[in-house]
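Residue strings, one per chain:
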Amino acid sequence: MSRKRKAPKKIPIVDPKYKSVIIPKLINSIMYDGKKTIAEKIIYDAINKIKSKVKEEPLTVFNEAIRNLKPSVEVRSRRVGGATYQVPVEVKSKRSQALALRWLIDASRKRKDKEMSDKISNEICDAYQNRGSAIKKKEDTHKMAESNKAFAHFRW
């Protein structure tokens, strides 16, 4: 039904240091006021701190933490008649990754550690072990979808 052509798919930027696609996204979403070098330093410090904390490869820890944070279902508001229903829908992979990164950063910013790199590395370690406030956010989202399963027939 749309008149215009679809927007072309952007080629994801690969991190030069770790050859990862997710790390540049994390750097960009943590960045304030276009200060990318500072954001990069924070993330790379956090990854180095993970290396000293956990005896495994830091990139696998990071990827596993993101995998643990990704939601599979969420609720969307849908107006039917005069009422608004919270309808559970499956999350697309791109959105689930974006939500995982967002929750990770929000939870990190709320932590009481001294430096941002400490906050992120601790939150990643927590997510890797399936605990912490970012994981709680995912579980709350899943619970919300589960409790509104009755409205699943309103899916569009």
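Before going into details, it helps to say that this report is about the structure given with it.

Cut-offs and rules
Going along each chain's sequence as written, the residues are numbered from 1 onward. Where totals are concerned, whole chains, interfaces and linings use all residues; where local detail is concerned, this predicted model gives features only for residues with pLDDT of at least 70, and gives and counts side-chain atom pairs only at 80 or more. Side-chain metrics rest on all non-hydrogen atoms present in the structure, leaving aside hydrogens and water. Here a helix means four or more residues in a row that DSSP labels H or I, a strand means two or more in a row labelled E, and each is numbered from the N terminus. Summary of the burial criterion: residues with accessible area below 20% of their type's maximum are buried, those above 50% are exposed, and those between are partly exposed, where the area comes from a 1.4 Å probe applied to protein chains only. Here, Shrake-Rupley sampling with a 1.4 Å probe gives the accessible areas, and only protein chains in the shown set may cover a residue. For this count, His and the chain ends are skipped, Lys and Arg are scored as positive, and Asp and Glu as negative. In this description, the location of a charge corresponds to atom NZ of lysine, CZ of arginine, CG of aspartate or CD of glutamate. Stacked, edge-to-face and tilted labels apply to pairs of Phe, Tyr and Trp rings (six-membered ring for Trp) whose centres lie within 6.5 Å, assigned for plane angles under 30 degrees, over 60, and everything in between, in that order. In this scheme, the term charge over a ring applies when either NZ of a lysine or CZ of an arginine sits within 6 Å of the ring centre and within 35 degrees of the ring normal. A pair of strands is labelled paired if DSSP reports no fewer than 2 bridges between them.

A tally of regular secondary structure across the chain gives six helices and two strands. Counted from the first residue to the last, the chain has its helices and strands arranged as α-α-α-β-β-α-α-α. With the principal axes as the frame, the chain shows a C-alpha extent of 55 × 40 × 30 Å. Within the chain, the proportion of its 156 residues that are buried is 37%. In the form shown here, the chain has an accessible surface area of approximately 10,500 Å², with 53% of it arising from carbon and sulfur atoms. Taking the average location of the 38 positive side-chain charges in the chain and that of its 18 negative ones, the two points are 9 Å from each other.

Moving on to the packing of aromatic side chains. A full pass over the atoms with the stated rule returns two aromatic pairs. Summarising the aromatic geometry, the rings of Tyr18 and Tyr44 are spaced 5.8 Å apart at their centres and angled 50° between planes, so their arrangement reads as tilted. Of the two residues, Tyr18 sits in the segment before helix H1 (22–30) while Tyr44 sits in helix H2 (residues 36–53), which places them 26 residues apart along the sequence. A residue is classified by how much of its surface remains accessible, and Tyr18, at 16% relative accessible area, is buried. Residue classification places Tyr44 among the buried residues on the basis of a relative accessible area of 13%. Between the NZ or CZ atom of Lys17 and the centre of the ring of Tyr44, over which it lies, the distance is 4.5 Å.

What follows covers the pairing of strand E1 (residues 73–80). Looking at chain direction, E1 and strand E2 (residues 83–90) are connected through eight bridges and run antiparallel. Within E2, the residue paired with Arg79 across the bridge is Thr84. Connecting E1 to the next strand, E2, in antiparallel fashion are two residues, including Gly81 with a positive phi near 65°.

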